[in-house]
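# Coordinate analysis (summary)
Each chain, letter by letter, is given below.
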Amino acid sequence: LHLAKGTYLLDSAVKSTVSPLIFIGDDPDRANTVIDGQGKSRGFVLKGTSHVFRNLTFKHCAIDASDTETYHYGAALYLDADYPASAVTTQGRAGSVVSNCVFTHCQKATAGGGGAVSIARSDVKFVDCAFEQCSAMRLPAMLRVLTEKYTVLQQSNRCCCHRR
């Protein structure tokens, strides 16, 4: 799905079990294509593999304390490959890629990581992404990872994390 530059207001999260889903901002300036949760909505809750997000800004995505969903982490993105519980490895599976994206002012009202993004049972690569003022219960918290293999690559000095 190619998104023209502009601001896309969310009243509720985009949820899907279809994969891959591809969201690309047509303008390479990521500030020009904005997914705005308006402080009341999550961004995306996706299962499956090979999702792509490129040239986007996620802002004001939020999970409040009354959110009783199973997926209560990751205000902007929750990515879960949804493998059977016995298959905890992602080896040989196509991973998702998030590139040239900004996550700003994304928050969850309860404690724990994943103010901006939560990854479960997935291999996700972040390339040239920035995390700015994301929090969980007003504490800095941008990323929550529940997987044995993940890659987070950052070409700026705001975030750098890599584990294989």
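Residues numbered from 1 in each chain as written. Predicted model: local features only at pLDDT ≥ 70, side-chain atom pairs only at ≥ 80, totals over all residues. Heavy atoms only, no water.

### A few points about the nonpolar core
- If you look at the biggest cluster of nonpolar residues, it comprises 28 residues, and the most contacted ones within it are Phe 53, Phe 58, Val 98, Phe 103 and Phe 126.
- Elements represented by at least two residues in this core include exactly β6 (44-47), β10 (77-80), β14 (117-120) and β15 (124-127).
- Those residues within four positions of Phe 58 in sequence are excluded, and the remaining contacts are Ile 35, Phe 44, Phe 53, Ala 76, Leu 77, Cys 101, Val 102, Phe 103, Thr 104 and Cys 106. (Core = buried A, V, L, I, M, F, W, Y, C linked by side-chain atoms within 4.5 Å. Buried < 20%, exposed > 50% of the residue type's maximum accessible area, 1.4 Å probe, protein only. Helix = DSSP H or I, 4+ residues; strand = E, 2+ residues; numbered from the N terminus. Contact = heavy atoms within 4.5 Å.)

### A short note on the pattern of salt bridges
- A full pass over the atoms with the stated rule returns two salt bridges.
- The closest approach of N and O atoms between Asp 27 and Lys 5, which form a salt bridge, is 3.9 Å. Here Lys 5 lies in the loop between β1 (2-3) and β2 (6-9) and Asp 27 lies in the loop between β4 (22-25) and β5 (33-36), a separation of 22 residues in the sequence.
- Residue Lys 40 pairs with Asp 11 through a salt bridge whose shortest N-O separation is 3.6 Å. Separated by 29 residues along the polypeptide, Lys 40 in the loop between β5 and β6 and Asp 11 in the loop between β2 and β3 (14-16) bring together distant segments of the chain. The same class applies to Lys 40 and to Asp 11, which are both exposed. (Salt bridge = Lys/Arg side-chain N within 4 Å of Asp/Glu carboxyl O.)

### A few points about unusual backbone geometry
- Going from Ser 19 to Pro 20, the amide bond is cis rather than trans, its omega being 0 degrees.
- Along the chain, Pro 20 turns up in the loop between β3 and β4.
- Its identity is not glycine, yet His 60 carries a phi of approximately 55 degrees, on the positive side.
- Within the element layout of this structure, His 60 appears in the loop between β8 (57-59) and β9 (62-63).

### Here's the deal with the sheet that holds β8
- Read from one edge to the other, the open sheet built from five strands follows the order β2-β5-β8-β12-β16, with strand pairing classed as parallel. If you trace the sheet from one side to the other, it starts and ends with β2 and β16 (130-132), each paired once. Strand-to-strand twist in this sheet, taken as the mean axis angle between neighbours without regard to direction, amounts to 15 degrees.
- Bridge analysis of β2 against β5 gives four bridges, and the strand direction is parallel. Bridge pairing in β5 places Leu 9 opposite Asp 36. (Pairing = 2+ DSSP bridges. Axes fitted to C-alpha atoms, helices over the stretch in contact; angles between N-to-C directions.)

### Concerning the pairing of β15
- Taking every second residue as pointing to the same face, the buried face of β15 carries Val 124 and Phe 126, while none of Lys 125 and Val 127 on the other face is buried.
- Sheet analysis places strand β11 (residues 96-99) next to β15, joined by four bridges and oriented parallel. Within the sheet, the bridge partner assigned to Ser 96 lies in β15 and is Val 124.

### Looking at the environment of Ser 99
- Along the polypeptide, Ser 99 turns up in strand β11.
- Beyond its immediate chain neighbours, meaning those up to four positions away, Ser 99 contacts Phe 53, Arg 54, Asn 55, Val 127 and Cys 129.

### Let's talk about the side chain of His 51
- Checked against the element boundaries, His 51 lands in the loop between β6 and β7 (52-54).
- Residue His 51 is classed as buried on the basis of its relative accessible area of 0%.
- If we skip the residues at most four places from it in the chain, His 51 touches Val 18, Ser 19, Pro 20, Leu 21, Leu 46, Leu 79, Ser 96 and Val 97.

### Some details on the confidence of the model for the protein
- When the pLDDT values of the protein are averaged, the result is 76; 68% of them are 70 or greater.
- Between residues 153-164, whose pLDDT stays under 50, and residues either more than four places distant or in other chains, the model counts 34 contacts. (pLDDT = per-residue confidence, 0-100.)

### Structural notes on the packing of aromatic side chains
- According to the stated counting rule, one finds nine aromatic pairs in the structure shown.
- Ring geometry for Phe 23 and Phe 44: centres 4.7 Å apart, planes at 55 degrees, overall tilted. In this pair, Phe 23 sits in strand β4 while Phe 44 sits in strand β6, placing the two residues 21 residues apart along the sequence. Grouping residues by exposure puts Phe 23 and Phe 44 together as buried. (Phe/Tyr/Trp six-rings, centres within 6.5 Å; stacked < 30°, edge-to-face > 60°.)

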